[in-house]
Structure formats: structure tokens, C-alpha cells
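Topology and contacts: notes
Listed here are the chains, written in short residue letters.
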Amino acid sequence: MLHKMTRPILLLALSLMLSACSPEPVVSVSQLGQDHGDSFQQAQQQGRANLTVLYVPAEGFAYTNAAGELTGVSVEIMRDFVRWAERHHRIRLELDFVAETNWQHFYQRVMQGEGGVFGLGNVTITDARKQELQFSPPYMNNVAALITHQDIAELQDWADFANQFAELEPLAFSGTLHEVRIRRLRDSYQPDLAIQRVTSNPDLLELVASGTFYSYVDAYNYWRARQAGMPLRDHPLAAETDETFGFIMPLNSDWTQFMQAFFAAEGGYRNSASYRQIMQQYLGHELAELLLGHP
């Protein structure tokens, strides 16, 4: 297997990667600069508003295409929101898209933003996060997949985890719910092992594909990695399907009800032909149907 041959090199590479990016420092508003946008009250009064839209670059969701244009599922949903606001409410919205590659910084920047600030980062809606942020209605359901190198046999019973994963180490995307899942597995089956952490999905997928680690990842990331030829396997026994993603806004935002109205309009945005077309265009028909099929 690959992991026996490359393990020392990979651990050295991982240690260098972690020394460069971990632990994550606490970043203050003064360090990042506060993001802001016009309030909904201003939009109603003036008939227009400038909104700041922070996004985490991600293939299929918010990325620059071959023509140099920003596009993707999250970006195009926001553009549908802009068209709806002008068509039905005569409010003209201008979107200022701002990339933030560090997910934790992205989250904090939105949390500390002022007024019309939105975040597109595939953020799972949770009760704990609702204490820090406001969420749009869900724009997509998610499947969290447990993944390993493809040489690891599919896990059929939790009682087999310790044996089948005996030569693997736990790896997590720092600061995400996947880290919570990995910690739960580690505590149950490998309490003596330390959890290694990364801060990007590409790094996570590469390390899991090496044969040394196991991890959780969003299904669309796993799907795309498999399509690209990475030697990965998912373990459906461990899949979690009860997550939803939402756009995020600061707690002080007054845009939430307007965003809710957009998702509820005309029979529900997620039931619309536009939404289905966006999902299929940017995720591919098969993956889109998988995600659309979850309630």
C-alpha cells in the first residue's frame, strides 16, 4: 500500500504545513478591517444598496472560470437574489465580491461585519452558530462523507473500525464540523492518537489519498476528487445527511427577512427551474441530483 512507503515523507510535509498555519491565531477586527455594506433600511429608502459578499473560493460554488468571470452555485444564487429584488421590489443591488481563502477568517469577518455583509462559504446551519450569525434559509443539503484511500475496504460495521483503520491516522479540517466528527471517531476508537489538522480541502484530500489518513469531507469535494482520479473511497455507513448550508450575515444585519422572502417566493426558490439549472450546470447532473434528492 502507498501509505507504508510514503508515510515518513508525508508526516514531514504535514508537520511543515501545520507549522505554517496552526494554531490559528485569534484575528481581531482591527487586524482584518471591518467589512460593511448598506442596510436594508437604506435600500428601502434609496431604492438601491451596495452589498459586500465575502466568499471562500471553491470549485463549483465560487470560482473564476476560464473567461476570468466569478461564478458558481453560491454566486449565481446571489445574482438571482439581485434580479428578484429589482424585479419584484424595485431595489437595485450592487454586489462587491471579496475573496477570503482562510475559512476561519472568512467566518469571523462576516460575524464582525456591519450592515449588508453576506458570506458564501458553505457554512452548515447549527444552533451554536445562530448565536454568532444570522443565516439565510438553506440553499443546499449536504452529505458529510467519511473517506480513506481506496485500498481500505468499505466499512460495513462500526465494530470493524478499529481493525480496518488501524494503520490510519485521524485528519481534520480545522474549525469545521468535520473536525468534531473526526474527534468523536478518534475518541471512540483511537484515543491514543493525535488529530492532525489542515486548513484547506485540497490539502486534506491529498493527504487522505496518500493512504496515511482518514477524514470527513463534504460529498461534493469527494465526488470531484474521485472524478479527477484521486484514489479515494467513501464509507456510506458513516455518512451524515442531516446538514444544510446557508448564506451567513452579521447578527446586526437587517437583511434576513428580505432574504427569507426571496427563498419563499413563487413556490420556493429551491423548487424553481433556475435553482435546478444552477445546481446541474456547476456541480454536474449526477452530483446535483444526489444533493437535490436529499430532503
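Attention here is on the structure that accompanies the text. (Residues numbered from 1 in each chain as written. Predicted model: local features only at pLDDT ≥ 70, side-chain atom pairs only at ≥ 80, totals over all residues. Heavy atoms only, no water.)

**Let's talk about the pattern of salt bridges**
As enumerated under the stated definition, the model contains 13 salt bridges in all. With a shortest N-O distance of 2.8 Å, Glu289 and Arg276 are connected by a salt bridge. Linking Glu289 in helix α12 (residues 285–292) with Arg276 in helix α11 (residues 273–283), this pair joins segments that are 13 residues apart in sequence. In this structure Glu289 comes out as partly exposed when scored by relative accessible area, which is 29%. Since its relative accessible area comes to 37%, Arg276 is described here as partly exposed. Connected via shared salt-bridge partners are Arg181, Arg184, Glu240 and Glu243. (Salt bridge = Lys/Arg side-chain N within 4 Å of Asp/Glu carboxyl O. Helix = DSSP H or I, 4+ residues; strand = E, 2+ residues; numbered from the N terminus. Buried < 20%, exposed > 50% of the residue type's maximum accessible area, 1.4 Å probe, protein only.)

**Remarks on α11**
Of the positions making up α11, those classed as buried are Tyr275, Ile278, Met279, Tyr282 and Leu283. Along the axis of α11, the buried positions cluster into a sector of 95°, meaning they face one direction only. On its buried side, α11 packs onto β3 (63–64), β4 (70–71), α4 (73–89), β9 (140–149), α9 (219–227) and α12. Once α11 ends, the next one or two residues include Gly284, with phi positive near 90°. (Arc of directions from axis to C-beta. Contact = heavy atoms within 4.5 Å.)

**Quick notes on the packing of aromatic side chains**
Overall, the coordinates contain 27 aromatic pairs when judged by the stated rule. When the centroid spacing of 5.5 Å and the interplanar angle of 90° are considered together, the rings of Phe161 and Tyr214 count as edge-to-face. Taken as a pair, Phe161 in helix α6 (residues 161–164) and Tyr214 in strand β12 (residues 213–218) lie far apart in primary sequence, 53 residues in all. Take Phe161 and Tyr214: they sit in the same class, and that class is buried. An aromatic cluster of three or more residues is present, and its members are Phe40, Phe81, Trp84, Phe118, Trp255, Phe258, Phe262, Phe263, Tyr269 and Tyr275. Across from the ring centre of Tyr216, 5.7 Å away, lies the NZ or CZ of Arg181, which sits over that ring. (Phe/Tyr/Trp six-rings, centres within 6.5 Å; stacked < 30°, edge-to-face > 60°. Lys NZ or Arg CZ within 6 Å of the ring centre and 35° of its normal.)

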